[in-house]
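The primary structure of each chain is shown beneath.
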Amino acid sequence: MLAVGGAITAGAVAGCSGPENAAGAAAEGESATGESVGSVLETISLENLDDDARTVDVIVQWGDEIEYWETHELGAVGKGDSNLTLDSGWQTGSGEFQLTVRLSDDDTRAGVSSADLPDHDCLDLVVLISREGELSILTDVSGGACSADPTGDNSSEP
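Heads up: these notes are all about the structure in this document. (Residues numbered from 1 in each chain as written. Predicted model: local features only at pLDDT ≥ 70, side-chain atom pairs only at ≥ 80, totals over all residues. Heavy atoms only, no water.)

### A look at the packing of aromatic side chains
- Per the stated rule, a full pass over the model turns up two aromatic pairs.
- When the ring of Trp62 is compared with that of Phe97, the centres are 5.2 Å apart and the planes differ by 35°; the resulting orientation is tilted. You can see Trp62 sitting in strand E2 (residues 54-62) and its partner Phe97 sitting in strand E5 (residues 97-103), a full 35 residues away along the chain. Of the two residues examined, Trp62 and Phe97, each falls in the buried class.
- Plain terms: the ring middles of Tyr68 and Trp90 are 5.5 Å apart, the flat faces sit at 80° to each other, and that makes the pair edge-to-face. Residue Tyr68 is found in strand E3 (residues 65-74), and its partner Trp90 is found in the loop between strand E4 (83-86) and E5; the two are separated by 22 residues along the sequence.
- For Trp90, a relative accessible area of 7% corresponds to the buried category. (Phe/Tyr/Trp six-rings, centres within 6.5 Å; stacked < 30°, edge-to-face > 60°. Helix = DSSP H or I, 4+ residues; strand = E, 2+ residues; numbered from the N terminus. Buried < 20%, exposed > 50% of the residue type's maximum accessible area, 1.4 Å probe, protein only.)

### What about the pairing of strand E6 (residues 109-113)?
- Inspection of the sheet shows E5 paired to E6 by five bridges, in the antiparallel sense. The residue of E6 that forms the bridge with Val101 is Ala110.
- Once E5 ends, the chain turns through five residues before running back antiparallel as E6, passing Asp107 with a positive phi of about 60°. (Pairing = 2+ DSSP bridges.)

In structure tokens:
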């Protein structure tokens, strides 16, 4: 009876004796071995399909730090300035981040966390303003400059 009780107790606490800082490191974008985890935010593309010009606030946050906060003017659909690609102003390494976008004229907001997205080496995000003026964020994980895999499969899953 004592042997069974000892085996159950050992099984219940297995894995609890790992490094104390492993959970804290993972929460900060690093694995227990010190390697970066998460994806590289390569680009953010802004696309306006509405007939009206729009003003968009783009905010990229890493942890508690706001890395990028800019306001961009997008022309009406069909105009040369109805789209814009952003590719700098935030961290270039992998990690966990938040993207928040806001339409300035009516305070419509959308956001996404990298923790909620599939694990890929590179992320290209598309902020889309629909013909109805609705705001959405789409992901493009087809690969980019940060992907070292020539096949275009930039998944970091085994």
